[in-house]
Amino acid sequence: MLNNLLKNSLFSLLSNVIQLIVSLGSGMLIARNLGPTGKGEVFLITQTFNLVQVIFSFGFGPAIIYYLKKKEIAKSQINSFIICYCLFIAIVFIICLCFFNVQINHLLGSDVSMKILVFIALIAHLNIFASFIGYKHMSDDDGVQYWSVITLISNTFYILFIAVALLFYHIGVLGVVYGLVGGALMKILLLFAKPHVKSEGVNLITMAELRKLSTYGLQIFLSNLFLTTVFRIDTFLLNHMVNIAQLGVYSVSVNVAELLLLIPTALGVALFPHLSGLKRTEQQNAMCMIGRVSFIIGLVGIIGLLVIGYPFILVVFGRRFIPAFVPFLFLLPGLMAMTLNYSYSNYLSSIGKPLMGAYIFLVGLFINVVLNICLIPILGISGAAISSSITYTIITLGFVFYIRKIDKLKLSDFVFPKKSDLNYVKNKLILFKK
């Protein structure tokens, strides 16, 4: 069982490495061709459609895996649900764009053109559709691996597209947006190319099954919404309180610091489908192992980033983004703490308690908003980084205390690594080299 998790994690990690290369490559292209202001505009656009995706996905993706793994809903019924729901949110997006575009701009704190707003809605809609199909595939044994390959290909297509748009046609921010649309379309095409997809058929989902998806999805939705908002609220507050160029500099701090989450994110992608099919004791054992290994990975990662951070920013993004180094340093302690949460939050979701994760992230969101409002006027983008780091640490402590309470575990069981964990990681690395 654990070996299958590690195999899926390896594929997910490979996908994340490619995604990292794509992210850094696209970030370098954007930063060097569009400068801090253009980088800030792109960052605001990407954070906006990511938040829209989380809101309108409504937690249905993990709910799809959860009930497919338990064999309580058929794939043919999931297909009918995906079609109907995506048509519904398309109508909602059209209504919002036609009647509430002024209010949306006010919330963003920017004068975003109607054309860009339409593309934000389109990208969000395509990604929601792709993610639902992807979650359905991830209920299969090879689903995580297939999703990883698809992500790899679509990300490669994206960076090639924006390279052409920025270097040869000089389209600017709109060229990046076109690339995001193209990457999402490529992902959808590849998802439908998977064998046996056509044989699944389409059968109407019953109201009872829809209630199941909605009840579980609501808990996941709240957890994902508060998590995403915790991670991204600083973007929108900074956009209101500083200029767009400063936001562009801060985006580089975030991009580089979040390299620390590369491996934990890969483990998280593979972990939830894996945990959902296990018994409670097996779920607990897997969570403990991944939590302790994540601590090791985070500690090694933070040391590495401290060494390479400054020259990395200078070489990849250029001299105009050197001010990103100080906020980057402030972000690292909090992100070190967050590396553990991919195992903890997925564990709570897999045992039917995703709402507890939502409560913890909600407390974190409140703390983050208060700290940002207090510190940004005084310290600027460094204040946002300090606020985020403190918040991430508090969130991790919340997960640790709750899991200790419900499972009666010691910190050495699921937080601090043991000597056996070091040997385990060492052996896996040796096998990987072979």
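Residues numbered from 1 in each chain as written. Predicted model: local features only at pLDDT ≥ 70, side-chain atom pairs only at ≥ 80, totals over all residues. Heavy atoms only, no water.

So, about the pattern of salt bridges. Taken as a whole and assessed by the stated rule, the structure comprises two salt bridges. The partner of glutamate 72 in a salt bridge is lysine 212, and the shortest N-O contact between them spans 2.9 Å. One end of the pair, glutamate 72, is in the loop between helix H2 (60–69) and helix H3 (75–99); the other, lysine 212, is in helix H8 (residues 207–241), with 140 residues separating them in the sequence. For glutamate 72, a relative accessible area of 34% puts it in the partly exposed group. In this structure lysine 212 comes out as partly exposed when scored by relative accessible area, which is 31%. (Salt bridge = Lys/Arg side-chain N within 4 Å of Asp/Glu carboxyl O. Helix = DSSP H or I, 4+ residues; strand = E, 2+ residues; numbered from the N terminus. Buried < 20%, exposed > 50% of the residue type's maximum accessible area, 1.4 Å probe, protein only.)

With that out of the way, let us pick up the side chain of serine 76. Its place among the elements puts serine 76 in helix H3. If we ignore the near neighbours within four places in the chain, the residues touching serine 76 are Glu200, Gly201, Val202 and Asn203. (Contact = heavy atoms within 4.5 Å.)

Turning next to the packing of aromatic side chains. Evaluation of the coordinates by the stated rule reveals 23 aromatic pairs. Centroid distance phenylalanine 56 to phenylalanine 93: 4.8 Å. Interplanar angle 80 degrees. Geometry classified as edge-to-face. One end of the pair, phenylalanine 56, is in helix H1 (residues 2–57); the other, phenylalanine 93, is in helix H3, and 37 residues separate them in sequence. Exposure remark for phenylalanine 93: the relative accessible area of 8% places this residue in the buried category. When the ring of phenylalanine 129 is compared with that of phenylalanine 192, the centres are 5.9 Å apart and the planes differ by 25 degrees; the resulting orientation is stacked. Highlighted residues: phenylalanine 129 in helix H5 (residues 114–138) and phenylalanine 192 in helix H7 (residues 173–192), separated in sequence by 63 residues. Members of the aromatic cluster, connected to one another through ring pairs, are Phe58, Phe60, Phe81, Tyr85, Phe88, Phe132 and Phe221. (Phe/Tyr/Trp six-rings, centres within 6.5 Å; stacked < 30°, edge-to-face > 60°.)

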